[in-house]
Structures are given as C-alpha cells and as structure tokens.
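# Residue-level structural notes
Below are the chains, spelled out letter by letter.
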Amino acid sequence: MNIASSVSDLIGGTPLVRMKRTMEIEGLPAVLAMKMETTNPGGSAKDRPALEMILAAERDGLLEPGGTIVEPTSGNTGVGLAIVAAQRGYDCVFVMTDKNGAEKIDLLKAYGAEVVVCPVAVAPDDPRSYYKVAERLTHERNAFRPNQYANPNNPLAHTKTTGPELWEQTAGRITHFVAGAGTCGTITGTARYLKERNADIRIVAADPEGSVFSGGSGRPYLVEGVGEDFYPAAWDPDLYDEVIAVSDADSFAMARRVSQEEGILIGGSGGLAVAAAIEVAKRAGPDDIVVVLNPDSGRGYLSRIFNDDWMANFGFLTECDQCVGAVVDARGDAMAQLLYVNPSHTVRTAIDLMREHGISQVPVCKNTPPFAAAEVSGSVDELELMEQIAGDPSAMDLPVERVMSPKLPTVGVGQKIEYALELLHTSPALLVLAGGRPLGVLTRSDILAYFDQRLGAGDATR
Ligand SMILES: Cc1ncc(COP(=O)(O)O)c(C=O)c1O
C-alpha cells in the first residue's frame, strides 16, 4: 500500500517539468524546467517552511500540545501553517489588514484558523495596527510566533528539501536556479544546498522592479509575495550570482503566457521568475539546465492577472487600436510628468500647482513618484477648493487630505476612448494608468483636442 500517514507527509517532493513549448517559442537551446510547488498540499512553496518552523518550535519547547500559533500573514505561509496546525492540534490566529480580500480571509478560516482583521490606515505604532495586534495576541495567548522573516528554519526547510530534490531530479546536472525572493527563504535555503554540491551552479534572484533586492526603494509594484522594502534575515547576497529585476507588466504577461502555452496556471510571482529564467536561458547553452521555481498557482489571482477588465483598467492590456494611449500621445509633453500633491501639502500649494499648469484637477498621492495606483488617496478639484475657501479663507493653509475629494475614476492606456467618454459623463477628469502606475489626468478637452487634431490631419475615418 502507498498511503501517506498525514497530509504533512505530502509536503515537498514536488515534480520538475520541462517547459518545452516556451523554449521552442523562444528558440533557445537550453533546458528550462519548472519546480512545481503547486503540488504541495497548501498549493505553494510555503508549506515547506511552515512545517519546518512548527517542528523546530516543538523541539525547542516553544510550542506545547494544544498551543497557539500567531502570525501576521495574508498569504501562502498562513495556509501552510494552518494545514500543519490542523494536523498537529494547534490553534492558529492570523492577523491581516482590511486591504486583504475576503477570499484570503475565507481561505484561512476554511482551515479552521481564526482571522483578526486590522485597519490598514493606521500608523505602525498604533495599538490597532497589524504589527501591534499580532504582538498583543502573541503575548495574551502565550502563543508561538513563527516570524518567517527572521526564522532560520524558513531557509533551512529549503536546504533540507528543495535543494536535495533538485539535485536528485536533475542527476546533479542543474546549472542555474532561478527563484523570486520575498523572505529569501526559498532562494537562500536552496542555494546553500546547491552551492555546497557544486559551487558553479548559478543562483539568480528574480525581483520586482522597485524592490530593494534589485536596488529600488521598496515600492511601487503589484506582483504579490516577492520583493521587499527591507532586507530579511535570510537575504544572503554572497550566494546570489545575479539579481534580475522584472516589471509588473512583464511578470503578468509571462504568467498569462505560461498558463496558455504550457497549460500550467501560474501567478504573477511565477511569471516574474519565468521571465528572469528566460533572460538567463538566453545566455545558456544546450547542455545547461535552468530550473525555475514556481511558488504558487494562478488560481489565487484570477480576479486580477487573469481578469481582462482589471488588466486593461490598470493599463496592462490593449483593447483597441485607437485607445486612451493615443490621446495621451497626442498631448505629448503635458503627460510626460504626473502632476500631483501629497496629502500633507497645503491647499495653497495645490492651487498654485493647478494655476501654474492651467489645470483644474490633480490626484493626491502618497510618497514620491513613481507611484503605485494604490498610493493615490484622493483628488483635488479647483472649483471645490474655491468653494471651501469662499466659506472659510483659512482653508488655504489646511493639508489637502482634510479637504480632498474621492479618487478620480481610472482608465487604462489600452482602454477604448468611448469608455473614457462614458466615465467623463460623471467625472470631470480621469486618472490614466499605464503598467499599473498613474500616468496623468485626462479631461474632456484632451479628447476634444485629440479628435480635432486627428480630423485636422485628414484622418481616413473622417
Ligand atoms: C507568493 C509568493 N510568496 C513568497 C515568495 C518568496 O519566497 P520566499 O519568501 O521564500 O523568498 C514567492 C516567491 O516567488 C511567492 O511567489
């Protein structure tokens, strides 16, 4: 009989599959193989560290029978911990922010975990914040907090399992290992084993453009699960031969491509890793074996990466020939730079900016450019500000966040002009997104000017 004694015993031992079609289409001679972490019981690579961290906590006396695990996580690590906890009789409490979708909360609850939701819009030292609540619950419940970002058993799980599996599955012929880096547990742990066996194996970290690992500030990007704004304990650059930065647009496009061309449904971070692996494979020869690790499934991203409306609205897909992007191009320099104010800027600053540039609306954005779409917190409108000041002249010195209007509706660069016109019925201006980032503000007069220019130029559709 071949019956596993528990689902925990099914963690690891994931298959390695050739990405033959991708390499044929790319016209590259190397072997590209994907380590399919989706076949772990929780559907991701995080089952491995979850198991290892719990087993180590038991050994170290940090987790007693019937004990509680508290971890701030919204993702795959939570699922892994919940599975192992269910098997071994522990309670799990996961702390998330209200930014996380209902699906993620329901998924963890489905495994019997308790989920505590905290407001995202409070400072990190506020007692209601995600961090503070996790701290308080750990203390109150005398719980074990795995803390995957600092726990050495996270990379160790991969040194003990992922590395040896890859060595065996390739009969020691693996030449390159490519993986996304978040906590760096996967890349560092696997690299430690592989480099020990053969120091010539090249280790390549795939990183979202904007993350610190590839030299960014930590923002903005949309790919989930990878990239950071700080260096976690497992970050070990001596082990990495290269860090390749990949844009959101390329990561998402690759996720869709691999799902369609190989029949392997992967998410944005999988797309990111494959995009980096193809870059590596372009420099590899016919005897090289490039292994790319796919951390989880595209199932968790159906409403974003695999939803055409979402992709188009964020400026990742092009729906037409003459779309919003053409209006933007026609405006030329005016769109070259996004005009914005920070939430803390005064109303006076906003009015000066609008007068200087002859515009009537500007978005209110947190941080500095380039912005993520999620960093847009509202908008200010010339007319509305004037009304405020007419009622109370001291409003001139208020921060705009006190008086701002809701965010402008968004339109993707690749969406139809007709769609933009529809939105302009109810809003004086729209925020144009390209590659997930705000590009500029679009008004009716921009579209009018565009049509005027086209007709004036004797367009064939005249
Ligand atoms: C969803 C997800 N979580 C996490 C990671 C990163 O793994 P680690 O935290 O081990 O660096 C990845 C890597 O691609 C990922 O896709």
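These numbers were taken from a predicted model, which means no experiment stands behind them. (Residues numbered from 1 in each chain as written. Predicted model: local features only at pLDDT ≥ 70, side-chain atom pairs only at ≥ 80, totals over all residues. Heavy atoms only, no water.)

## Let's talk about the sheet that holds strand 13 (residues 429-434)
Ordered in space as 12-13-14, the 3 strands form an open sheet in which the pairing is mixed. Only two strands of the sheet have a single neighbouring strand rather than two, namely strand 12 (410-412) and strand 14 (437-443). Put simply, the sheet's adjacent strands are angled 35 degrees from each other on average, direction ignored. Where strand 13 lies against strand 14, 6 bridges are found, and the strand directions are antiparallel. Each bridged residue has a counterpart across the sheet, and for Ala434 the counterpart in strand 14 is Arg437. (Pairing = 2+ DSSP bridges. Helix = DSSP H or I, 4+ residues; strand = E, 2+ residues; numbered from the N terminus. Axes fitted to C-alpha atoms, helices over the stretch in contact; angles between N-to-C directions.)

## Brief notes about the environment of Ile174
Take Ile174: it is sitting in the loop between helix 6 (153-169) and strand 6 (176-180). Spatially, the C-alpha atom of Ile174 lies 9.1 Å from that of Arg202, the residues being 28 residues apart in sequence. With residues up to four places along the chain from it excluded, the contact list for Ile174 reads Leu166, Trp167, Leu194, Ile201, Ile289 and Val291. (Contact = heavy atoms within 4.5 Å.)

## What about the pairing of strand 7 (residues 202-208)?
Most of strand 7 is tucked away, with 6 of its 7 residues classed as buried. For the crossover from strand 6 across helix 7 (residues 185-197) to strand 7, the handedness is right-handed. Note that strand 7 and strand 8 (residues 242-246) share 5 bridges and pair parallel. Residue pairing in the sheet places Ala206 in a bridge with Ile244 of strand 8. (Buried < 20%, exposed > 50% of the residue type's maximum accessible area, 1.4 Å probe, protein only. Right-handed = clockwise from strand over helix to strand, strands pointing away.)

## A closer look at the site of the ligand
Taken together, 15 residues lie near the ligand, and Lys46, Gly182, Thr183, Thr186 and Ser269 sit nearest. Thr183 places a side-chain nitrogen or oxygen 2.6 Å from an oxygen atom of the ligand. Contact between the ligand and Cys184: an oxygen atom at 2.8 Å from a main-chain N or O atom of the residue. Protein contacts shield 94% of the accessible area of the ligand, which totals 390 Å² for the unbound molecule. Residue classes in the shell around the ligand are distributed as 5 nonpolar, 8 polar and 2 charged. (Near = heavy atom within 4 Å. Polar contact = N/O pair within 3.5 Å; in protein donor to acceptor, adjacent residues only side chain to side chain. Areas by Shrake-Rupley, 256 points an atom, 1.4 Å probe, with all protein chains shown as cover. Nonpolar A, V, L, I, M, F, W, Y, C, P; charged D, E, K, R; others polar.)

## What about the sheet that holds strand 8?
Reading across from one edge, 1-2-9-6-7-8 is the order of the 6 strands in this open sheet, with mixed pairing throughout. Single-partner strands in this sheet number two, and they are strand 1 (16-18) and strand 8. Taken pair by pair, the neighbouring strands of this sheet meet at an average axis angle of 25 degrees, ignoring direction. By the bridge criterion, 3 bridges tie strand 6 to strand 9 (residues 289-294) in an arrangement that is parallel. Paired with Phe177 across the strands is Val291, a residue of strand 9.

## Details of the packing of helix 2 (residues 47-59) against helix 6
Running from N to C, helix 2 and helix 6 point in directions that differ by 125 degrees, and their axes come no closer than 8 Å. Taken together, the axes of helix 2 and helix 6 lie oblique to each other. Helix 2 and helix 6 meet at a crossing whose hand is right-handed. Residues Arg48, Pro49, Glu52, Met53 and Ala56 of helix 2 pack against Asn153, Asn154, Leu156, Ala157, His158, Lys160, Thr161, Thr162 and Glu165 of helix 6. A breakdown of the residues in the contact of helix 2 with helix 6 according to their chemical character gives 5 nonpolar, 5 polar and 4 charged. (Parallel < 35°, antiparallel > 145°, perpendicular 65-115°, else oblique. Left-handed = near helix turned anticlockwise from the far one by under 90°.)

## Structural notes on the domain arrangement of the chain
Parsing the chain into structural domains produces domain 1 (13-44 + 152-301), domain 2 (64-140) and domain 3 (315-456). Averaged C-alpha coordinates put domain 2 and domain 3 at centres separated by 38 Å. (Domains from an automatic or database assignment.)

## Quick word on the side chain of Glu262
Tracing the backbone through its elements, the reader meets Glu262 in helix 8 (residues 248-262). In this structure Glu262 is buried but unpaired, with Arg21 as the nearest side chain of opposite charge at 6.6 Å. Engagement of the side chain of Glu262 in a polar contact is seen with the backbone nitrogen of Arg21, the distance being 3.3 Å. Beyond its immediate sequence surroundings of up to four residues, Glu262 is in contact with Arg18, Met19, Lys20, Arg21, Thr22 and Arg257. (Lys, Arg positive; Asp, Glu negative; His and termini not counted. Salt bridge = Lys/Arg side-chain N within 4 Å of Asp/Glu carboxyl O.)

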